[in-house]
Every structure is written in C-alpha cells, then in structure tokens.
Amino acid sequence: MFRRTFWFTAGAAAGVWATTKVNRKLKQLTPESLAARAADKAIEGGHKLKDFALDVRDGMVRREAELGEALGLQAPVDPELPVHRRFAVEAAEPAPAAEATAHRKLPYNSYNDNSYNRNEDH
C-alpha cells in the first residue's frame, strides 16, 4: 500500500514539475517575450559599444598628448619668431584701396562672374 502511494505521489510530482517546465519554456518563446529579450540584448550591446567608444576616445586623447609632448607642440611660443599665417582664400588680384571692404574672389572664379550653381535662388 505504501509502495503504491509513494509511486503515485512521485508520478504526480514529476507531472507537475514537467508541466511547469514546459509552460515556462512556452512563455519564453512567445513573440512578446522574444521581442523583449531582443530589445534587452540590443540595449546591452549599445551600452557595450558606447563604453568601447569612450575607451577609444580616452586612448586617442592620451596618445595625442604623448605625441604633442614628443613633437614639442605644447611648448611655449618664442616671441622672437615670426608668426606664420596662412590665408584660406587668396585674392585673385590686389584690391584697390576703394574696394578694401569688398569680398575677395577665388582665382578660378575671377575671370567669370556668372554662376552656374543650379541650387542658388533666382
């Protein structure tokens, strides 16, 4: 009698355990659960990528400082040396004194004032 009761109880417990396990697995495989898990993984991946980018940026700043020190770019400027200046736009021809406030033109546009830019307003 005890044997039958024992095996009946063991079978019922195994059935409850198996049913619970199957129901959990089915809930994990629903579309909503899969979407939520995918979103969590994407957010986690984004955080890892952001941390990597910040580490790379820190390394870049550190290496730039090392190179600046090695090349002497951080050194104070000697007041006896002349300052070398570069102009982004060179004058096509020297401007007369009367047109000193006029805008300078690029050399390749100096011969022709017609603009063929299709995006400008007419």
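On a predicted model such as this, the values are computed, not experimentally measured, just so you know. (Residues numbered from 1 in each chain as written. Predicted model: local features only at pLDDT ≥ 70, side-chain atom pairs only at ≥ 80, totals over all residues. Heavy atoms only, no water.)

Another aspect to go through is a positive patch on the surface. Taken together, the side chains of K21, R24, K25, R37 and K41 make up a positively charged region of the molecular surface. Those elements that provide at least two residues to the positive patch are α1 (2–28) and α2 (31–71). The element contributing the most residues to the positive patch is α1, with three residues. (Patch = residues over 30% accessible without salt bridge, like charges linked within 9 Å, V, L, I, M, F, W, Y side chains within 5 Å. Areas by Shrake-Rupley, 256 points an atom, 1.4 Å probe, with all protein chains shown as cover. Salt bridge = Lys/Arg side-chain N within 4 Å of Asp/Glu carboxyl O. Lys, Arg positive; Asp, Glu negative; His and termini not counted. Charge placed at Lys NZ, Arg CZ, Asp CG, Glu CD. Helix = DSSP H or I, 4+ residues; strand = E, 2+ residues; numbered from the N terminus.)

Attention now goes to the pattern of salt bridges. Scanning the entire structure with this criterion turns up two salt bridges. Across the pair E44 and K48 runs a salt bridge, and its minimum N-O distance is 3.5 Å. Of this pair, E44 and K48 both sit in helix α2, four residues apart, roughly one helical turn. Classification of E44 by relative accessible area gives partly exposed; the value is 39%. On the accessibility criterion, K48 (55% relative accessible area) is exposed. (Buried < 20%, exposed > 50% of the residue type's maximum accessible area, 1.4 Å probe, protein only.)

This part covers α2. Between the first and last C-alpha of α2 there are 59 Å, a value that for 41 residues agrees with the 60 Å anticipated at 1.5 Å per step. Downstream of α2 by one or two residues, G72 has phi in the positive range, about 75°. (Expected span 1.5 Å × (residues − 1).)

What follows covers a nonpolar patch on the surface. A cluster of nonpolar side chains, namely L49, F52, V56 and M60, defines an oily patch on the protein surface of about 420 Å² accessible area. Locating V56 in the fold gives a position in helix α2.

From the geometry alone we can't say anything about function, so treat these as descriptive.
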